[in-house]
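The chain contents come next:
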Amino acid sequence: MNELVTGDAVVLGLRPAKLPSRALAVVIDLVVVWAAYIVVSIVLTIATDSLDTAAVAALAVASFLLIPVGVPIAVETLSHGRSLGKLACGLRVVRDDGGPIRFRHALVRGAMGVVELLMSFGVIACVASLVSARGRRVGDLFAGTLVVRERVPTDRGRPVPPPPPWLVGRFSELDLSSVPDDLWLAIRQYLTRMGQLDAAVGWSMSQRLADDLAARTGVPLPPGVPPAAYLAAVVNERQARDSRRAFGSATAAAAAVGPVGGLAPTVRPPQTRPPVVGQLDAVPQDAPQDVAAPPASRFAPPA
């Protein structure tokens, strides 16, 4: 289990990959990459037989940079953290906060992998993984990434709870570029483990996280919005943006899927008042009278 916890003992639901599974994935990747490199080298040797020594050397260096170095970077970028070996072992590279990696993450990992995996024959990577609490090699530390297991029992998963429908899309114009990864991580930790907290501790933690998030975005917490609902709505917005960036607009709505599989509305209903403070999914006051209000949320302030 990931050992990243907050001061209130809230644990993030990511499961870091163990060294044996990571080593097996690296071996599979190296076998495929080096097989391709050998084939390309043989073809180049035959095709460049009439060229001079300098040209042959330049092609050899280019093929080395392109195949053993460039191909893994491209594959991790395009597959969002899953190479052939990681796919076979059920692993994936994610950011420290659990989001999908981008080109810069794959580039740093690939560049450091030349030293960790190729030049030192994996010794540096193994030592770094053994001494790291989350099994990260040096490339992961510099890139801010983590290799996690994707194949975990479904009953163990703790997804981030969706926000109430009246908050979905409300923060679409919010600037999230200044929010650091460690704050996102703390928010995810809280939202996925809030049911395990004492009511007073959970409420104070949600208020502190909401204040920190509002300070980073420059927009204060909207009046009448419970802090936990605000956190869930902003995380939902970030997930939607990550989905659009990674998979296109067709799957962006997946970030707003609720626990029963229904899609939350993307537009705030007109003339809808915020719910009573302390209820995440309360029915607005102008809702039909025959709609029963849900039970009090776990986000309710302590009595």
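Residues numbered from 1 in each chain as written. Predicted model: local features only at pLDDT ≥ 70, side-chain atom pairs only at ≥ 80, totals over all residues. Heavy atoms only, no water.

(A) Fine view of the pattern of salt bridges. All chains considered together, the criterion is met by 11 salt bridges. For Asp-96, the salt bridge identified is with Arg-136, shortest N-O distance 2.7 Å. Residue Asp-96 is located in the loop between strand E1 (91–95) and helix H4 (103–119), and its partner Arg-136 is located in the loop between helix H5 (123–131) and helix H6 (138–143); the two are separated by 40 residues in the primary sequence. Across the salt bridge formed by Glu-116 and Arg-137, the nearest N and O atoms sit 2.6 Å from each other. Placement of Glu-116 in helix H4 and of Arg-137 in the loop between H5 and H6 is noted, with a sequence separation of 21 residues between them. The exposure classification of Glu-116 matches that of Arg-137, with both residues buried. (Salt bridge = Lys/Arg side-chain N within 4 Å of Asp/Glu carboxyl O. Helix = DSSP H or I, 4+ residues; strand = E, 2+ residues; numbered from the N terminus. Buried < 20%, exposed > 50% of the residue type's maximum accessible area, 1.4 Å probe, protein only.)

(B) Quick look at the nonpolar core. One finds Ile-187, Tyr-190, Leu-213, Tyr-230 and Leu-231 to be the most contacted residues of the largest nonpolar core, which totals 29 residues. Taken together, the elements giving at least two residues each to this core come down to helix H7 (181–193), helix H8 (199–217) and helix H9 (227–247). The biggest single contributor to this core is H9, with eight residues. Counting 11 residues, the second largest nonpolar core, distinct from the first, contains Ile-73, Cys-89, Val-114 and Val-147. (Core = buried A, V, L, I, M, F, W, Y, C linked by side-chain atoms within 4.5 Å.)

(C) Layout of unusual backbone geometry. Of note in the backbone geometry, His-80 takes a positive phi value of approximately 60° without being a glycine. Relative to the assigned elements, His-80 resides in the loop between helix H2 (53–78) and helix H3 (84–89). In this structure, Phe-121 takes a positive phi of about 55° despite not being glycine. If you trace the backbone, Phe-121 turns up in the loop between H4 and H5.

(D) A nonpolar patch on the surface, seen in detail. A cluster of nonpolar side chains, contributed by Phe-121, Val-123, Val-127, Leu-130 and Val-131, occupies part of the molecular surface with about 590 Å² of accessible area. You can see Leu-130 is positioned in helix H5. Using a relative accessible area of 63% as the deciding quantity, one classes Leu-130 as exposed. (Patch = residues over 30% accessible without salt bridge, like charges linked within 9 Å, V, L, I, M, F, W, Y side chains within 5 Å. Areas by Shrake-Rupley, 256 points an atom, 1.4 Å probe, with all protein chains shown as cover.)

(E) Structural detail: the pairing of E1. Here E1 lies mainly inside the structure; five of its five residues are buried. Residue alternation in E1 divides its side chains into two sets, Leu-91, Val-93 and Arg-95 and Arg-92 and Val-94, and both sets are buried. Relative to strand E2 (residues 145–149), E1 runs antiparallel, the two being bridged by five bridges. What sits directly across from Arg-95, in E2, is Thr-145. (Pairing = 2+ DSSP bridges.)

(F) Expanded view of the confidence of the model for the protein. Per-residue confidence for the protein gives a mean pLDDT of 76; residues scoring 70 or more make up 74%. Confidence, read as mean pLDDT per element, is least for H7 in the protein (83) and greatest for H6 (92). Predicted confidence for residues 1–12 stays below pLDDT 50, and this span has 40 contacts to residues more than four positions away or in other chains. Counted against residues more than four places away or in other chains, residues 254–296, with its pLDDT under 50, gives 63 contacts. (pLDDT = per-residue confidence, 0-100. Contact = heavy atoms within 4.5 Å.)

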